Amino acid sequence: MSDITSTVATSPLAQLETPLLALALGQGSTLPASLTELDRVAGGFLDRAVTSGDFKGKRDEALLLYPGGGEAQRILLVGLGKAGEVTRSSIRRAAAVAAKRARALGAKQFAFAVAAEARNGVAPKELGQVVAEGAGQGAWAFTALKATPDEPRPEVESVAIACDSREANDVTAGRRVGDAIAAGHRLARDLQMQPGNVCTPSYLADQAKQLAAAHGFTVTVLDRAAMRQEGMGALLAVAQGSAQEPRFIVLEYTAVGDAAPVGLVGKGVTFDSGGISIKPAQNMEEMKFDMSGAAAVLGAFEVLGRLKPKVNVVGLIPATENLPSGTAVKPGDVVKSHLGKTIEIINTDAEGRLILCDALSYVRRFKPAAVLDVATLTGAVVVALGHVAIGVMGNDDALIAEVREAGERAGERCWPLPLWDDYRDLLKSDIADIKNSGGRGAGAIAGGWFLREFVNGYPWVHLDIAGTAYTEGEGPSQAKGPTAAGVRLFSEFVLKRAAA
Ligand code: BES
Ligand code: MN
Ligand code: ZN
């Protein structure tokens, strides 16, 4: 599905033969000088569009023109926003807007250029990377389950990144990384989009096995019996109401002998009904996206498999459904976690932390250098940060800063929430070591604090992606639904560690 790849094109824009030439421009009232030759050949349309003010260059703005001459059948002006504020993320986003339009137009190929004057210091390598990423993001659509497609459209197959021949080597190096990240992004979104009756815990395990076979990872999958042997009482408690067997998935990517690995942990609830503390019917279907953390980990492994960076990474995915039944765990039940701490389950809908806590305990055997967990953990983080930022918490300020920088490069912004001691009180239980829900206030922090209680002996960061994992409507740069949140952030994080 939407398997777009990038190429690099060094001919002058006026000579680029393409069904669609997208030009990214910042805000301004004059046409950049680097486009005057193209404008002359095209018949002056570009200059008129800009000087008339009809095209302002605002973020997400797009204007389609049919040039009167030259080699491009169509020209799309795409806005980058304020000229002084252009970053790699603005360029990625503009490429996504262009790719989305290319798809709507039925163009199998398009070219993308960022006017030299508009780049605001973004280097050629970064440009190549983010254009490839954005093109993959914007061209994506999920059509696998439509027996009769609404509107048959060809897939967008490639994007030609236009640049000067002196930059071609750097842009090529960047687009190679960008294509790999786009592939991980695509894999994650396809997985997220699959409905709960298709994407079950064993389906996720099969995906991990396929990735392992394709790229040479080590894969271990625990079934219910093996989890019992391990003592994963919290994960098993969530799984006990479901006819679908849970899976605990471990992927290992080893590229440097005995270096301590980075651990990536992803919440894999393939459907979250809330269990006995059942959710309202309204929008409950969105809870198929409750495995978005797992999808992010698998997407990141696709990137590792393609780029083979010099870093060790272990991925852990606790996967289960959360359903009510006669065998389901009940409010008030007390279970024993993998770490040994006992948990009073106040609310069966706070299941994510229950499955993650056993993974955060299990990961100790790898003696990780750092562990990042990613989860659609709380509705509260959506209240706090909306659909714009990931909520980030952790036990190590340097690691939080490193993750936030990776998020900035990735266009996946993270905003910190405090794990002050005062908040720990929310989780005091009358009967067990801890309870799994702290009530209404500070819900995202209570989730973070719960996890922290099971982190032992390594720097750790928790990413709450409940607000960013999927969108409820169509956007200018992004189709409605899954966003692959975490894939680009994880990729940036591990690539930087590999380079260091
Ligand atoms: N999967 C949900 C969180 C969620 C909410 C994800 C909205 C995406 C969008 C999670 O398992 C959950 O139900 N959390 C509860 C926790 C509460 C019971 C302490 C919540 O946020 O209400
Ligand atoms: Mn829940
Ligand atoms: Zn959940």
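The rules behind these values
Sequence order as written defines the numbering, with residues in each chain counted from 1. Labels follow written order: the first chain is A, the first ligand is 1, and so on. Local features in this predicted model are restricted to residues whose pLDDT is 70 or higher, and side-chain atom pairs enter the listing and the counts only when it is 80 or higher, whereas totals over whole chains, interfaces and linings include all residues. The side-chain figures draw on all heavy atoms in the structure; neither hydrogens nor water molecules are used. At least two DSSP bridges between two strands are required for those strands to pair. Helix and strand assignments follow DSSP, with helices taken as H or I runs no shorter than four residues and strands as E runs no shorter than two, numbered in order from the N terminus. Helix axes use the C-alpha atoms of the stretch in contact, all axes being lines fitted to C-alpha atoms, and the angles between their N-to-C directions lie in the range 0 to 180 degrees. Water is not among the atoms examined, so metal sites may look incomplete; donors are the N, O and S atoms within 2.8 Å of the metal, or within 3.2 Å for Na, K and Ca. Site shape is set this way: if four donors have all angles between 85 and 135 degrees, tetrahedral; if opposite donors are over 155 degrees apart and all others between 65 and 115, square planar for four donors and octahedral for six; otherwise irregular. For this description, a residue counts as near a given molecule or strand if any of its non-hydrogen atoms is within 4 Å of it. Any pair of N or O atoms that falls within 3.5 Å is considered a polar contact. Within protein, one atom must be able to donate a hydrogen and the other to accept it, and sequence-neighbouring residues count only if both atoms are side-chain atoms. Per-residue and other accessible areas were derived by the Shrake-Rupley procedure at a 1.4 Å probe size, with only the shown protein chains allowed to occlude residues. Only Asp, Glu, Lys and Arg are considered charged, only Ala, Val, Leu, Ile, Met, Phe, Trp, Tyr, Cys and Pro nonpolar, and every remaining residue, Gly among them, polar. A simple rule labels every residue: compare its accessible area, found with a 1.4 Å probe on the protein chains alone, to the largest value its type can have, and call it buried under 20%, exposed over 50%, or partly exposed in between. When checking whether two residues touch, look at their non-hydrogen atoms; a contact exists if any pair is within 4.5 Å. Expected span of a helix: the number of residues minus one, times 1.5 Å.

Novice: What am I meant to see in the sheet that holds strand 3 (residues 62-65) here?
Specialist: Strand pairs in the sheet, formed through backbone hydrogen bonds, run parallel or antiparallel to each other. Across the sheet, six strands lie side by side as 1-6-5-2-4-3; this open sheet has mixed pairing. Looking at which strands have only one partner, the edges of the open sheet turn out to be strand 1 (5-9) and strand 3. With strand direction ignored, the average angle separating the axes of adjacent strands in the sheet is 25 degrees. Relative to strand 6 (residues 158-162), strand 1 runs parallel, the two sharing five bridges. Note on strand 6: the bridge partner recorded for Val8 is Ile161.

Novice: Even after reading the chapter, I still don't get the coordination of the manganese ion (ligand 2), so can you show me in this structure?
Specialist: Ideal values differ by geometry: the angle at a metal is 109.5 degrees with four tetrahedral donors, but 90 or 180 degrees with six octahedral donors. The protein atoms donating to the manganese ion (ligand 2) are Asp272 (OD), Asp349 (O), Asp349 (OD) and Glu351 (OE), with metal-donor distances spanning 2.0 to 2.2 Å. Classification of the site at the manganese ion (ligand 2) rests on its six donor atoms, whose angles at the metal span 71 to 169 degrees, yielding the label irregular. All donors to the manganese ion (ligand 2) come from one chain, and their sequence spacing reads D-x76-D-x1-E.

Novice: Just to check I follow, could you spell out the site of ligand 1 for this structure?
Specialist: Taken together, 17 residues surround ligand 1, and among them Lys279, Asp290, Asp349, Glu351 and Gly379 come closest. Within the backbone of Thr376, one N or O atom sits 3.3 Å away from a nitrogen atom of ligand 1. Burial of ligand 1 by the surrounding chains reaches 81%, relative to a free accessible area of 520 Å². Among the residues forming the shell around ligand 1, the class breakdown is five nonpolar, five polar and seven charged.

Novice: Help me understand unusual backbone geometry in this model?
Specialist: In terms of backbone geometry, most residues other than glycine have negative phi values and most peptide bonds are trans. Phi is positive for Asn283, close to 65 degrees, though the residue is something other than glycine. As for its placement among the helices and strands, Asn283 is situated in the loop between strand 10 (268-272) and helix 9 (292-307). Backbone geometry places Lys367, a non-glycine residue, at a positive phi of 45 degrees. Counting through the fold element by element, Lys367 comes out in the loop between helix 10 (352-362) and strand 14 (370-375).

Novice: Which parts of the structure should I look at to understand the coordination of the zinc ion (ligand 3)?
Specialist: The protein atoms that coordinate the zinc ion (ligand 3) are Lys267 (NZ), Asp272 (OD), Asp290 (OD) and Glu351 (OE), at distances of 2.0 to 2.4 Å. One can describe the donor arrangement at the zinc ion (ligand 3) as octahedral, given that its six donor atoms subtend angles of 78 to 176 degrees at the metal. Taken in chain order, the donor set of the zinc ion (ligand 3) reads K-x4-D-x17-D-x60-E. If you look at the zinc ion (ligand 3) and the manganese ion (ligand 2), they sit 3.1 Å from each other and are both ligated by Asp272. Of this pair, Lys267 sits in the loop between strand 9 (262-266) and strand 10 while Asp290 sits in the loop between strand 10 and helix 9; the two residues are 23 residues apart in sequence, bridging distant segments of the chain. The residues Lys267 and Asp290 share a single accessibility class, namely buried.

Novice: What is the right way to read the sheet that holds strand 12 (residues 334-336) from this model?
Specialist: The mixed open sheet is built from three strands, whose spatial order is 12-13-17. Pairing within the sheet leaves two strands with one partner each, and these edge strands are strand 12 and strand 17 (434-435). Summarising the sheet, strand 12 and strand 13 (residues 342-344) pair through three bridges and their orientation is antiparallel. From the neighbouring strand, Lys336 faces strand 13, where its bridge partner is Thr342.

Novice: What is the right way to read the environment of Arg409 from this model?
Specialist: The residue Arg409 is located in helix 12 (residues 397-410) in this model. Beyond its immediate stretch of four places on either side in the chain, Arg409 contacts Arg88, Ser89, Arg92, Glu492, Phe493 and Lys496.

Novice: What's the story with helix 3 (residues 88-105) in this structure? I'm lost.
Specialist: The end-to-end C-alpha separation of helix 3 is 26 Å, in line with the 26 Å expected for 18 residues at 1.5 Å each. Of all 18 residues in helix 3, 13 are buried, a share of seventy percent or more. N-capping of helix 3 is provided by Thr87, with a side-chain oxygen placed 3.1 Å from the backbone N of Ser89. Positive backbone phi, approximately 75 degrees, marks Gly106, located one or two places after helix 3.

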